Amino acid sequence: VGAAAMSRPKVLITRADIPQKALDMLNEKCEVDMWPESFPIPREQMLKKIQGKDAIFCLLTEKIDTEVLNAAGSSLKVIGTMSVGYDHLSLEEIKKRGIKVGYTPGVLTDATAELTVALLLATSRRLFEAHGELLNGGWGKCAWSPLWMTGWGLAGSTVGILGLGRIGQGVMQRLQGFGIKRFLYSGRSRRPEEEEKGAEFVPFDTLLKESDFIAVTCALNDQTRDIFNEEAFSKMKKSAIIVNTSRGGVIKQDALITALKTGQIRAAGLDVMTPEPLPPDHELTKLPNCTLIPHIGSAETTTREGMATLTASNIIAGLEDQPMPARLC
Ligand code: NDP
Ligand code: DGY
């Protein structure tokens, strides 16, 4: 047993709270070293623990960069991130070292698209503000009043989607029943199948100028970082509402705060922001026209299990030199 255990590949898991099914899969095949806390593994602990490991099961909270890869050394063969976003991974460095990367596309599309629509509705119909009014006595003062807590409906509107990928398409599909007049989208590539369903491919400027609602569902990369900046907000309608379930870095946050304060745009709904976790007293939290939720796009029970088991499958297949179910590179 001792010799068999010695020959099993070593896997570092960077967080406790991993769905049991995924842990069982890894424990069956590997020697698992799990960071035992439900908060992120401190950087120095990761640098120490990754030494001599064959694989790492990480989350979007772990930056896997040159320093980590150097600390890991030549034993590291597979990185499995329990996320579809991979902006926390230094892919160029990883590729140079021939390390395989697995991620979790598809299994979280429904949950994240659903949450994006929920956030859009919560923002446009001012659900959190209204809830606050109920708690703070505001309702008692005005009872039912004709103009009180009025929001802005989706029917007849133009919805722009930046990044009509898996999640963007899921958002459009879910909004089909809301009587939207036009769906616009921008991105690097055209999506003929989505155009058949009514999506119009437009330059980013047109999306900014013509959309009543903008859903940001693109990946974060060098081209999309800060793409929503001062100039972009100045082109948007004053009545526009933006929701972001992509990554905080896609929006230049200072520019957003100014746009929300000065009425350059009407409202924003953010599931992702900078930094994460956002300090509770951050300026964004003081803005009544900003709906904030703590990066819960994929936080749905079966989805998280699917993400974790896919990550485990990716790692096991990568270690066994089998085709990984969802290989990024
Ligand atoms: P996809 O790869 O299917 O879609 C990514 C989209 O981003 C594509 O439409 C792509 O367009 C677009 N995109 C990439 N680069 C650019 C660019 N330079 N300019 C314009 N558009 C660009 O990924 P998913 O839909 O599965 O996930 C999207 C992102 O959502 C993830 O990367 C992640 O950051 C985030 N996410 C957030 C979650 C949350 O909890 N809030 C949960 C899950 C994901 P094109 O094909 O034309 O390049
Ligand atoms: C991802 O997968 O990229 C999300 O941000 C978390 O599910």
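Residues numbered from 1 in each chain as written. Chains lettered and ligands numbered in written order. Predicted model: local features only at pLDDT ≥ 70, side-chain atom pairs only at ≥ 80, totals over all residues. Heavy atoms only, no water.

Participant: Hey, could you run me through the sheet that holds strand S10 (residues 241-244) in this one?
Facilitator: Backbone-to-backbone hydrogen bonds pair the strands of a sheet. The strands run either parallel or antiparallel. Here 7 strands make up an open sheet; going across it, the order is S8-S7-S6-S9-S10-S11-S12 and the pairing parallel. Whereas interior strands pair on both sides, the edge strands pair on one side only; in this sheet they are strand S8 (199-201) and strand S12 (290-292). Between one strand and the next, the sheet's axes are offset by a mean angle of 20°, whatever the strand orientation. Summarising the sheet, strand S9 (residues 213-216) and S10 pair through 4 bridges and their orientation is parallel. Bridge pairing links Val216 to Asn244 in S10. Against the sheet, helix H13 (residues 253-262) engages S10, strand S11 (267-270) and S12, with an angle of about 140° to S11. (Pairing = 2+ DSSP bridges. Helix = DSSP H or I, 4+ residues; strand = E, 2+ residues; numbered from the N terminus. Axes fitted to C-alpha atoms, helices over the stretch in contact; angles between N-to-C directions. Contact = heavy atoms within 4.5 Å.)

Participant: What am I meant to see in the site of ligand 1 here?
Facilitator: Of all residues adjacent to ligand 1, which total 27 residues, the nearest are Arg166, Arg188, Ser189, Arg191 and Asp271. Residue Thr245 places a main-chain N or O atom 3.0 Å away from a nitrogen atom belonging to ligand 1. When ligand 1 sits alone it has 910 Å² of accessible area, and the protein chains cover 89% of it. Taken together, the residues of the shell around ligand 1 break down into 7 nonpolar, 15 polar and 5 charged. (Near = heavy atom within 4 Å. Polar contact = N/O pair within 3.5 Å; in protein donor to acceptor, adjacent residues only side chain to side chain. Areas by Shrake-Rupley, 256 points an atom, 1.4 Å probe, with all protein chains shown as cover. Nonpolar A, V, L, I, M, F, W, Y, C, P; charged D, E, K, R; others polar.)

Participant: Got a minute to help me understand the nonpolar core in this structure?
Facilitator: For soluble globular proteins, the rule of thumb is that nonpolar side chains tend to be buried together. Core analysis: the largest hydrophobic core is formed by 48 residues, its most contacted members being Leu26, Phe57, Ile161, Val171, Leu175 and Ile315. Per element, the largest residue contribution to this core is 8 residues, and it comes from helix H14 (residues 301-319). Apart from the residues within four sequence positions on either side, Val171 is in contact with Ala113, Thr116, Val117, Ile161, Ala215 and Thr217. Core analysis: the next-biggest nonpolar cluster, separate from the first, contains 30 residues, Leu162, Leu184, Cys218 and Phe233 among them. (Core = buried A, V, L, I, M, F, W, Y, C linked by side-chain atoms within 4.5 Å. Buried < 20%, exposed > 50% of the residue type's maximum accessible area, 1.4 Å probe, protein only.)

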